[in-house]
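# Structural features, examined
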Amino acid sequence: MSAFHLEHLQTVLAVVEEGSFDAAARRLRVTPSAVSQRVKSLEQSSGQILLQRTTPVAPTEAGSVVLRLARQVALLDADARSALHADEGDGAVALAIAVNADSLATWFLEAVAPLAVTGRVVFDIHREDQEHTTSLLRSGTVMAAVTSTSDPVQGCSVEPLGAMRYRAVCTPRFQADNAIEPSDLSALIRAPRVDFDRRDELQADFVRRTADHADPAAQARHFVPTSSDFARSVVLGFGWAMLPEQQCAAELAAGRLVELAPGSFTEVRLFWQRWNLASATLDSVTDAVRRGARASLHPFGRP
């Protein structure tokens, strides 16, 4: 197999990010035919199909390996350009990061905002459940991720960030209408709940722990797949749910929400996984995420 050409790697990356050969051609300012020829040449030299010609275009398993390399090369190239032209104020470095919805809604954006406002870094944030963000690392789609997985993805380092705490809450009226007593949560199984999506297990796990012999699958469920609207639906009385402390503290203090199990909480431990790559930009983002997590999350094991 011959050596990879930078032009070919840039083309594969553009096709995957833009979703089509035509869009990649516009981004690279070449013809669609040139894009097709570059991809075909890379596939011939690697001996494998790298891209699925779907809508949008997606990498094959082999293509994910090449995509990862393309992102690494692009990051190192941008780092070098930034260092060489530090006084010129241009050449922003693009970073693709996977973050769970609750972190996005509560602490992550504030943590990395100082880097974004400088114009030196542009963020391509992929919202994904904290249990599934590592799949985006493996595929080469992102360079770093906030994840609940402590086992490092191959080629990545991992460090603990802290724990997000969730409280089981609802409106006072919802609690009264459904006869839910903190001393006996068996009525909870008959009360509608709000789930983020069909992969959200926080509410179901709480039911299994607190309501004896309950079947969470039998509950009526609302699905609200955005974090801010999810919290708002609970305040509006759609049902009960597990909300991050940051999203429900003010509502609890004002009496608009009540805790179903006062003093009890569920913790989701979060970790930062990133490529093992000597990148000044990735180091800066890691430092910012570390500071933000320290200010907003609970240390593991803290009472």
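Restricting attention to buried positions, one finds in helix H11 (residues 245–254) the residues Glu 245, Gln 247, Cys 248 and Glu 251. An end-on view of H11 places all buried positions within 145° of arc, on one side of the element. Away from its buried face, by an angle of more than 90 degrees, H11 presents the exposed residues Ala 250 and Ala 253. Contacts made by the buried residues of H11 are with helix H5 (101–106), strand E6 (156–170), helix H10 (227–235) and strand E9 (241–244). Where H11 ends, the next residue or the one after it, Gly 255, has phi of about 85°, a positive value.

Moving on: the side chain of Arg 68. Considering the arrangement of structural elements, one finds Arg 68 in helix H4 (residues 61–84). At 13 Å, Glu 61 is the nearest oppositely charged side chain to Arg 68, a buried residue that forms no salt bridge. At 3.3 Å, the side chain of Arg 68 forms a polar contact with the backbone oxygen of Leu 137.

What follows covers the environment of Glu 259. With respect to the element layout, Glu 259 can be found in strand E10 (residues 258–259). As a C-alpha pair, Glu 259 and Thr 171 span 88 residues in sequence and 8.7 Å in three-dimensional space. Excluding its chain neighbours within four sequence positions, the residues that come into contact with Glu 259 are Arg 167, Ala 168, Val 169, Gln 175, Leu 252 and Ser 264.

Inspection of the entire model under this criterion finds 4 aromatic pairs. With a centroid separation of 5.5 Å and 65° between ring planes, the pair formed by Phe 271 and Phe 300 is classed as edge-to-face. Taken as a pair, Phe 271 in strand E11 (residues 266–275) and Phe 300 in the segment after helix H12 (280–296) lie far apart in primary sequence, 29 residues in all. For Phe 271, a relative accessible area of 11% gives the class buried.

With 17 residues, H12 should cover 24 Å at 1.5 Å per step; its first-to-last C-alpha distance of 25 Å lies within 8% of that length. For H12, the complete set of buried residues consists of Thr 281, Leu 282, Val 285, Thr 286, Ala 288, Val 289, Gly 292 and Ala 293. Down the axis of H12, the smallest arc covering the buried residues is 165°, so these residues share one side. Exposed residues lying more than 90 degrees from the buried face of H12 are Ala 280, Arg 291, Arg 294 and Ala 295.

Moving on: unusual backbone geometry. Thr 55 connects to Pro 56 through a cis peptide bond whose omega is 0°. Of note, the phi angle at Arg 29 is positive, near 60°, even though the residue is not glycine. If you trace the backbone, Arg 29 turns up in the loop between helix H2 (21–28) and helix H3 (32–46). Arg 29 gets classed as exposed once you look at its relative accessible area, which sits at 79%. Residue Ala 179 is not a glycine yet carries a positive backbone phi of 50°. Inspection of the secondary structure puts Ala 179 in the loop between helix H8 (172–177) and strand E7 (193–195).

Our next topic: the pairing of E9. Regular strands place their side chains on alternate faces of the sheet. The side-chain alternation of E9 yields two buried faces, one formed by Ala 241 and Leu 243 and the other by Met 242 and Pro 244. Looking at chain direction, E6 and E9 are connected through 4 bridges and run antiparallel. Counterpart to Tyr 166 in the pairing with E9 is Pro 244.

So, about the pattern of salt bridges. Throughout the structure, instances matching the rule amount to 19 salt bridges. Across the salt bridge formed by Glu 17 and Arg 27, the nearest N and O atoms sit 2.7 Å from each other. In this pair, Glu 17 sits in helix H1 (residues 6–18) while Arg 27 sits in helix H2, placing the two residues 10 residues apart along the sequence. Two residues, Glu 17 and Arg 71, come together in a salt bridge whose shortest N-O distance is 2.7 Å. With Glu 17 in helix H1 and Arg 71 in helix H4, the pair connects residues that are 54 residues apart, well separated along the chain.

Analysis parameters
Residues numbered from 1 in each chain as written. Predicted model: local features only at pLDDT ≥ 70, side-chain atom pairs only at ≥ 80, totals over all residues. Heavy atoms only, no water. Buried < 20%, exposed > 50% of the residue type's maximum accessible area, 1.4 Å probe, protein only. Helix = DSSP H or I, 4+ residues; strand = E, 2+ residues; numbered from the N terminus. Arc of directions from axis to C-beta. Contact = heavy atoms within 4.5 Å. Lys, Arg positive; Asp, Glu negative; His and termini not counted. Salt bridge = Lys/Arg side-chain N within 4 Å of Asp/Glu carboxyl O. Polar contact = N/O pair within 3.5 Å; in protein donor to acceptor, adjacent residues only side chain to side chain. Phe/Tyr/Trp six-rings, centres within 6.5 Å; stacked < 30°, edge-to-face > 60°. Expected span 1.5 Å × (residues − 1). Pairing = 2+ DSSP bridges.

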